[in-house]
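A look at the structure
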Amino acid sequence: MRRRILRSILTVLTITTVVLGVPLIYTAWLWVEDITRNDLQSRLERIAAEVIAQEMGDGTVHDGLDTRAMRALVPEGGKLTVVYPTPQDNAARSDIGVDHIDEPLVESLSMGTSGSLRLEVPAGPMHARQEQAVAAVALAVLASLGAAFSVAVVTARRVADPLRDVAARAARLAMGDFRPDPRRHGIAELDRVSDVLDSATVEIAGRLQREHALVADVSHQLRSRLTAVRLRLDELSTHADPEVVHEAEEAMAQVDRLTDAIDDLVRASRDEDAADRDPVPVMAELRGVVAEWAHPFTEEGRELRLIGDESLRAPITGSRLREAVAVLVDNALMHGGGTCTVSVRTVPTMSSRDPLICVEVADEGEGVRDELAPHIFDRGFSAGGSTGVGLALARALVEADGGRLELQRRRPALFAVFLGSKVNRSPSATLTEPR
């Protein structure tokens, strides 16, 4: 941020310096020349007055031109040429000064019937003064640019540092650091943002505390009810009918899995370091989901299968992934058709050297209608009479671990879960489990 602000300010300053400095340097160059020429013209006017003063009543100079006073007016190294009338010659000439000048600067003055003057001086001293003037102007321009650079650095720091502090504070808030920050920066807009963040900190901390308490209470109540259900099923397991015993044992297994899932979700909801979790084998996590849903698919005369690379691991919460994929499998059972395939593969990414892990859930049904697709993940939206919570919950669970859930294909439906990868570089093994 600071570098961008500083670069923008310096770009404007550089353009301004070029636009104003170059004409100013050119003006200084011409100014020195004007001063030099005006000085020569002033000398010529004084010399002309001296020549006219030596004229007699007939407008001519008698007894030769007295040049003593004129010599004092000729610059050192210069040459003065005086053309004046005499009784014998209307254009007598007198040269005062050096005989020859290389690269002369010439000024002349006409005196009408009294003759003319021509004054030549070396241009070298004038060019030296011009160079000195240009150097002085350039030095002043550079000094102003340096001062402007200092001001730009201070301004960039004054603007960028508070923005960075506010951004860092917002990042800490997103990470769950709800400590208030009393620092203010003297910039009204940023201080207003800091005040809002203070209010948001208090509000979010309170809501999270209430939600954690609610989750704890709900999980406690669910576990209590599940324990009661398991006790009743335990009684049925002593029934004389073997089929009743089998169904009771299956139901108790479902209750145990549900209890474990609740414990995992509660534990994951309190875990704020998802990126630091140890990678878990994706196929191993999904195998239990496929096994759990295989029987409902079989009863519908359909097939559920799992294919993928056993070596793929991702730093995620296993319970969140299982619940999210279970929602997608349930959605395929309720609204899809044909074989449902859960596949695990890697997909390359442009922003990272490591590929992403993609878990795809696809079926062979009619798919998602075009008018429903934009709203399919909206909480409370349902086209089939359900609660409309499932897909929204699945997306929230995936995003809680830093992944994303998308509808990759509408007809037939294909949902994709993208996860960060930890790919084992050993030869991959592909597993196919027809169900």
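Residues numbered from 1 in each chain as written. Predicted model: local features only at pLDDT ≥ 70, side-chain atom pairs only at ≥ 80, totals over all residues. Heavy atoms only, no water.

- For the chain, an unreviewed UniProt entry supplies the name Signal transduction histidine-protein kinase/phosphatase MprB and the organism Nocardia rhizosphaerae.
- Among the UniProt annotations of the chain, the heading Subcellular location (unreviewed entry) holds the following wording: "Cell membrane".
- Listed in UniProt under the heading Catalytic activity (unreviewed entry), the comment for the chain reads: "ATP + protein L-histidine = ADP + protein N-phospho-L-histidine." (UniProt positions renumbered as here; feature names shortened; annotations may be inferred.)

1. A word on the overall build of the chain
- Each helix and strand in the chain was counted, giving 8 helices and 13 strands.
- For the chain, the residues scored as buried account for 36% of the 435 residues in total.
- In the chain, once contacts between residues fewer than 6 apart in sequence are set aside, the share between residues at least 24 apart is 67%.
- Split by element, the accessible area of the chain, about 25,500 Å² in all, is 55% carbon and sulfur. (Helix = DSSP H or I, 4+ residues; strand = E, 2+ residues; numbered from the N terminus. Buried < 20%, exposed > 50% of the residue type's maximum accessible area, 1.4 Å probe, protein only. Contact = heavy atoms within 4.5 Å. Areas by Shrake-Rupley, 256 points an atom, 1.4 Å probe, with all protein chains shown as cover.)

2. Quick word on the packing of aromatic side chains
- Following the criterion strictly, the structure yields 1 aromatic pair and no others.
- Aromatic side chains F377 and F415 sit 6.1 Å apart centroid to centroid with 90 degrees between the ring planes, which places their arrangement in the edge-to-face category. Placement of the pair is F377 in the loop between β9 (356-362) and α8 (390-400) and F415 in strand β11 (residues 414-419), with a sequence separation of 38 residues.
- With a relative accessible area of 12%, F377 lands in the buried category.
- Over the ring of F377 we find R395, and its NZ or CZ is 3.9 Å from the ring centre.
- Positioned over the ring face of F418 is R404, at 4.2 Å from the centre of the ring. (Phe/Tyr/Trp six-rings, centres within 6.5 Å; stacked < 30°, edge-to-face > 60°. Lys NZ or Arg CZ within 6 Å of the ring centre and 35° of its normal.)

3. A closer look at helix α7 (residues 318-335)
- Its 18 residues give α7 an end-to-end C-alpha distance of 26 Å, which sits within 8% of 26 Å, the value for a rise of 1.5 Å per residue.
- Taken together, the buried positions of α7 are G318, S319, R320, L321, A324, V325, A326, V327, L328, V329, A332 and L333. (Expected span 1.5 Å × (residues − 1).)

4. Details of the environment of L304
- Of note, L304 is situated in strand β6 (residues 304-309).
- Sequence spacing of L304 and G338 is 34 residues, and the spatial spacing of their C-alpha atoms is 9.1 Å.

5. Regarding a negative patch on the surface
- Negative charge collects at one region of the surface, where D241, E243, E247, E249 and E250 lie side by side.
- Tracing the backbone shows D241 in the loop between α4 (188-236) and α5 (242-269). (Patch = residues over 30% accessible without salt bridge, like charges linked within 9 Å, V, L, I, M, F, W, Y side chains within 5 Å. Salt bridge = Lys/Arg side-chain N within 4 Å of Asp/Glu carboxyl O. Lys, Arg positive; Asp, Glu negative; His and termini not counted. Charge placed at Lys NZ, Arg CZ, Asp CG, Glu CD.)

6. Points about the nonpolar core
- Within the largest apolar cluster, 43 residues are counted, with the highest numbers of intra-cluster contacts made by L286, V325, V342, V359 and F415.
- For this core, the leading source of residues is α7, giving 9 residues.
- Excluding residues within four positions of it along the chain, V342 makes contact with L286, V290, L304, R305, L306, I307, V325, V329, V359, E360 and V361.
- In terms of nonpolar packing, the next biggest core, distinct from the first, is built from 27 residues, I96, L117, A133 and V141 among them. (Core = buried A, V, L, I, M, F, W, Y, C linked by side-chain atoms within 4.5 Å.)

7. Side note on a nonpolar patch on the surface
- Residues I15, V19 and L20 make up a contiguous nonpolar surface patch of about 310 Å² in total accessible area.
- As for its placement among the helices and strands, V19 is situated in helix α1 (residues 2-53).

8. Concerning the pairing of strand β4 (residues 116-122)
- Two strands pair when backbone bridges link them, and strand β1 (residues 79-84) and β4 are joined in this way by 5 bridges, in the antiparallel orientation. By the bridge assignment for β4, K79 is matched with E120.
- In this sheet, β4 lies alongside strand β3 (residues 104-110) in antiparallel orientation, the contact comprising 7 bridges. Bridging across to β4, L109 finds its partner in L117.
- Following β3, the chain reverses through 5 residues before pairing antiparallel with β4; G112 in that reversal takes a positive phi of roughly 70 degrees. (Pairing = 2+ DSSP bridges.)

9. Some points on the side chain of E285
- Secondary-structure assignment places E285 in helix α6 (residues 282-299).
- Using a relative accessible area of 17% as the deciding quantity, one classes E285 as buried.
- Those residues within four positions of E285 in sequence are excluded, and the remaining contacts are V280, G318, L321 and R322.

10. Observations concerning the packing of α7 against α8
- For the pair α7 and α8, interaxial distance at closest approach is 9 Å and the crossing angle is 150 degrees. Taken together, α7 and α8 sit at an angle that is classed as roughly antiparallel. The hand of the α7/α8 crossing is left-handed. Within the contact between the two elements, α7 uses R320, E323, A324, V327, L328 and N331 and α8 uses G390, L391, A394, L397, V398 and A400.
- The residue makeup of the contact of α7 with α8, split by class, is 8 nonpolar, 2 polar and 2 charged. (Axes fitted to C-alpha atoms, helices over the stretch in contact; angles between N-to-C directions. Parallel < 35°, antiparallel > 145°, perpendicular 65-115°, else oblique. Left-handed = near helix turned anticlockwise from the far one by under 90°. Nonpolar A, V, L, I, M, F, W, Y, C, P; charged D, E, K, R; others polar.)

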